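Here's the letter readout for the chains.
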Amino acid sequence: VFQKWVNREISNFDYLIQLNTMAGRTYNDLAQYPVFPWILRDYTSEELDLNNPAVFRDLSKPIGVVNEKNAKTVKEKYENFEDPLGMIDKFHYGTHYSNAAGVMHYLIRVEPFTTLHIQLQSGRFDCADRQFHSIPAAWQALMDNPNDVKELIPEFFYFPEFLENQNGFNLGQLQMSKEVVNDVVLPKWAHSPEDFIYKHRKALESEYVSAHLHEWIDLIFGYKQRGPAAVEALNVFYYCTYEGAVDLDALTDEKERKALEGMINNFGQTPCQL
């Protein structure tokens, strides 16, 4: 697969799907859903210029520190963390870039994810301000908040329907602006959900991303996923997100095992290292 990708016989999209599959990710498990990168940082221009490197996100950095301002906070958190019981390793992020709640967050307008979201929120929609209501606002939240580290899902590159509230769900209104949450607000350069998907996919297959995608792959699937390289890259997540971090079979206490299973399922899982 790697050789095919290097020779440009398969697209960046196909390569990412294949890497996800090899690392145990699947559409059939919300806790291990395929993970895709945020690739742009320009959600405000009238036109999207894919020949300008400045419109792209820095793929060599974890999303939590793409904004330089967050790097210091993230570093300090890691350095100052101490577990009195000595069981929990230091980490940069207490949340994860891919988890079940995050998938439902993006896909809330489409079944069966709508129903799953409502079940997760004990029978109702979460408050409107926490909904996925705008792509520019979602990017801004990542830039402002080092605890928000959600990457994207493959649907952002082929499935315009998830950006529309075709089922007319009542998703509430935003507290400050009183704006009703309906279809997802698109970047200025996108004239419709289809146009957004078309341009976003084009960005994924662009020359810039083709040249830098391996840097992100190193963080998510490769050598910067754990160990000293991960520490240096500010890319260490909570210990139980890693494969093999917890031996569930060794836990004889049923309650304890169930609790830990639940935690792993909800928390997010780092893909198997390739």
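If you're wondering where the values come from, they're calculated on a predicted model, not measured in any experiment.

Caption draft 1: Region of interest: the UniProt feature "domain: BEACH" (unreviewed entry) in the protein chain. Per the UniProt record, "domain: BEACH" (unreviewed entry) is found at residues 1-274. Within residues 1-274, the helical portion is 36% and the strand portion 0%, while the C-alpha atoms at the span's ends are 12 Å from each other.

Caption draft 2: Local environment of the environment of phenylalanine 169. Note that phenylalanine 169 resides in the loop between α6 (135-144) and α7 (193-204). Counting along the chain gives 14 residues from phenylalanine 169 to aspartate 183, while the straight-line C-alpha distance between them is 9.9 Å. Setting aside residues up to four positions removed in sequence, phenylalanine 169 forms contacts with Ile108, Arg109, Glu111, Thr114 and Phe125.

Caption draft 3: The packing of aromatic side chains, seen in detail. Counting across every chain of the model gives 28 aromatic pairs. On the basis of an interplanar angle of 40 degrees and a centroid distance of 5.5 Å, the ring pair of phenylalanine 36 and phenylalanine 157 is categorised as tilted. One end of the pair, phenylalanine 36, is in the loop between α2 (12-22) and α3 (68-80); the other, phenylalanine 157, is in the loop between α6 and α7, with 121 residues separating them in the sequence. Taking relative accessible area as the criterion, phenylalanine 36 reaches 0% and is therefore assigned buried. By relative accessible area, phenylalanine 157 is classed as buried at 1%. Between tyrosine 43 and tryptophan 139, the aromatic rings sit 5.7 Å apart at their centres with planes inclined by 45 degrees, giving tilted as the arrangement. You can see tyrosine 43 sitting in the loop between α2 and α3 and its partner tryptophan 139 sitting in helix α6, a full 96 residues away along the chain. The ring of phenylalanine 13 is capped by arginine 201, whose NZ or CZ atom sits 4.2 Å from the centre of that ring.

Caption draft 4: The arrangement of unusual backbone geometry in detail. Cis geometry is found at the peptide bond from glutamate 111 to proline 112, where omega equals 5 degrees. With a phi angle near 60 degrees, lysine 178 is a residue other than glycine that sits in the positive phi range. Within the secondary structure, lysine 178 is located in the loop between α6 and α7. Exposure remark for lysine 178: the relative accessible area of 52% places this residue in the exposed category.

Caption draft 5: α6, seen in detail. By the burial criterion, the buried members of α6 are Ile135, Ala138, Trp139, Leu142 and Met143. Buried residues of α6 fall within an arc of 140 degrees about the axis and therefore sit on the same side. As for α6, its buried residues are in contact with α3 and α7. For α6, the capping residue at the N-terminal end is serine 134, with a side-chain oxygen 3.0 Å from the backbone nitrogen of alanine 137.

The rules behind the values
Residues numbered from 1 in each chain as written. Predicted model: local features only at pLDDT ≥ 70, side-chain atom pairs only at ≥ 80, totals over all residues. Heavy atoms only, no water. UniProt positions renumbered as here; feature names shortened; annotations may be inferred. Helix = DSSP H or I, 4+ residues; strand = E, 2+ residues; numbered from the N terminus. Contact = heavy atoms within 4.5 Å. Phe/Tyr/Trp six-rings, centres within 6.5 Å; stacked < 30°, edge-to-face > 60°. Buried < 20%, exposed > 50% of the residue type's maximum accessible area, 1.4 Å probe, protein only. Lys NZ or Arg CZ within 6 Å of the ring centre and 35° of its normal. Arc of directions from axis to C-beta. Polar contact = N/O pair within 3.5 Å; in protein donor to acceptor, adjacent residues only side chain to side chain.

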